[in-house]
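Architecture and fold: a report
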Amino acid sequence: MAVAYEQIADQLRWSIRAGRLRPGDRLPAESKLAEEFRRSVPTVRDALRVLRDEGLIEKQHGRGNFVRRARTTTVRTNLRHQWEKNRARRPLEERARTGATEHETGLQVDDLIFHAAYRETTADQDLAAAFGLPEGTPLLARSYRTRCAAESAPFSLVTSYLVHDLIAANPDLLDPANEPWPGGSQAQLCTVGIEVDRIEERVTARPPTPEEAAELELPPGTSVLVLRKTSIDIQDRAVDVSHVVLPGDRTEMLFTTPLERW
């Protein structure tokens, strides 16, 4: 037999899923819910905690509990890489019309807010091994955040590393004011004569750090997907290493593998 707080959670959950409580609606105060369900306030708080853990409601400081609005979902497919390569040398006007985020979310350019930050750094042991270069090699670290204009959390947390000497021939690649670059990283690399041959991606899952959970606005207990992407050029050099943290509650990874015919 369900305990009291579970019964309250069941009824509120049903109200949300049936549409009686809509996204953005504020739930009655805890004292009102306690009166309605004829239970104690601590019991109501336990029920609300269950719904928050499920991602159905969120607590806004000083305002109360609200039905959580659905977030835009992302379907990330490995076919995006060939799509980006096909566009890398297309005219600027064509590349500027849409990007990978729009491709994966179904949103339009005007629906998005984009932010990029650059900083100079050097390769630590991990990055040096990934690039096959000595520790201390100068790198350009680029952080990207893209979100739907109607939402406050980004789709992912992206940090991309480029070898400084490989891109320095084009000063425009060192200036974040040129972001978002039409066509993305492959188009950027193309301007310095680099053609990407293949991309390796490794995906793992783990609990988020407190900072990641806050920035991605994750419900309690939600894991993140961590994608490590390495772009390798036709000279067999690693030219871009990216770390991508994706929210597990609104990201789908789709892998399609073409097979040769017998």
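A few points on the structure. (Residues numbered from 1 in each chain as written. Predicted model: local features only at pLDDT ≥ 70, side-chain atom pairs only at ≥ 80, totals over all residues. Heavy atoms only, no water.)

What follows covers the packing of aromatic side chains. For any pair of aromatic rings, geometry is given as the distance between the ring centres together with the angle between the planes. Here the structure, examined in full by the defined rule, presents 1 aromatic pair. Centroid distance F114 to Y144: 5.7 Å. Interplanar angle 35°. Geometry classified as tilted. With F114 in strand β4 (residues 112-122) and Y144 in strand β5 (residues 138-148), the pair connects residues that are 30 residues apart, well separated along the chain. By relative accessible area, F114 is classed as partly exposed at 32%. (Phe/Tyr/Trp six-rings, centres within 6.5 Å; stacked < 30°, edge-to-face > 60°. Helix = DSSP H or I, 4+ residues; strand = E, 2+ residues; numbered from the N terminus. Buried < 20%, exposed > 50% of the residue type's maximum accessible area, 1.4 Å probe, protein only.)

It is worth spelling out the pairing of strand β2 (residues 64-67) at this point. Bridge analysis of strand β1 (residues 57-60) against β2 gives 4 bridges, and the strand direction is antiparallel. The partner of I57 across the bridge, within β2, is V67. Where β1 folds back on β2, the antiparallel hairpin that results is connected by 3 residues, among which G62 adopts a positive phi of roughly 80°. (Pairing = 2+ DSSP bridges.)

We now examine unusual backbone geometry. Omega for the bond connecting E179 with P180 falls within 30 degrees of zero, at -5°, which places this linkage in the cis form. Of note, P180 is situated in the loop between α8 (164-167) and α9 (184-190). One non-glycine residue, E217, lies in the positive phi region at around 55°. Looking at the secondary structure, you find E217 in the loop between α10 (210-216) and β8 (224-233). Phi is positive for D236, which is not a glycine, with a value near 65°. Tracing the backbone through its elements, the reader meets D236 in the loop between β8 and β9 (238-247).

This part takes up the environment of F114. Taking the C-alpha atoms as reference points, F114 and R95, 19 residues apart in sequence, are found 16 Å from one another. Apart from the residues lying within four places of it in its own chain, the contact partners of F114 are Y144, R145, T146, E179 and P180. (Contact = heavy atoms within 4.5 Å.)

Direction vectors running N to C along helix α1 (residues 4-17) and helix α3 (residues 41-53) enclose 50°, while the axes themselves pass 8 Å from each other. One way to sum up the angle between α1 and α3 is to call them oblique. Between α1 and α3 lies a crossing of right-handed hand. Each of A4, Y5, I8, A9, L12 and R13 in α1 lies in contact with α3, whose residues at this interface are T43, V44, D46, A47, L48, R49, V50 and L51. Per-class residue counts for the contact of α1 with α3 are 10 nonpolar, 1 polar and 3 charged. (Axes fitted to C-alpha atoms, helices over the stretch in contact; angles between N-to-C directions. Parallel < 35°, antiparallel > 145°, perpendicular 65-115°, else oblique. Left-handed = near helix turned anticlockwise from the far one by under 90°. Nonpolar A, V, L, I, M, F, W, Y, C, P; charged D, E, K, R; others polar.)

Between helix α2 (residues 30-37) and α3, whose axes approach to 9 Å, the crossing angle comes to 105°. Of the possible angle classes, the one that applies to α2 and α3 is roughly perpendicular. For the pair formed by α2 and α3, the contact residues are E30, S31, L33 and A34 on the first element and V41, V44, R45 and L48 on the second. Considered class by class, the residues forming the contact of α2 with α3 number 5 nonpolar, 1 polar and 2 charged.

The subject of this paragraph is the sheet that holds strand β6 (residues 157-163). The sheet built from 6 strands is open, its strands ordered β4-β5-β6-β9-β8-β7 with antiparallel pairing. Either end of the sheet is taken by a strand with one partner, and the two such strands are β4 and β7 (196-206). Each strand axis lies, on average, 15° off the axis of its neighbour in the sheet, ignoring direction. Bridge analysis of β8 against β9 gives 9 bridges, and the strand direction is antiparallel. Along β9, the bridge assignment pairs T230 with V241.

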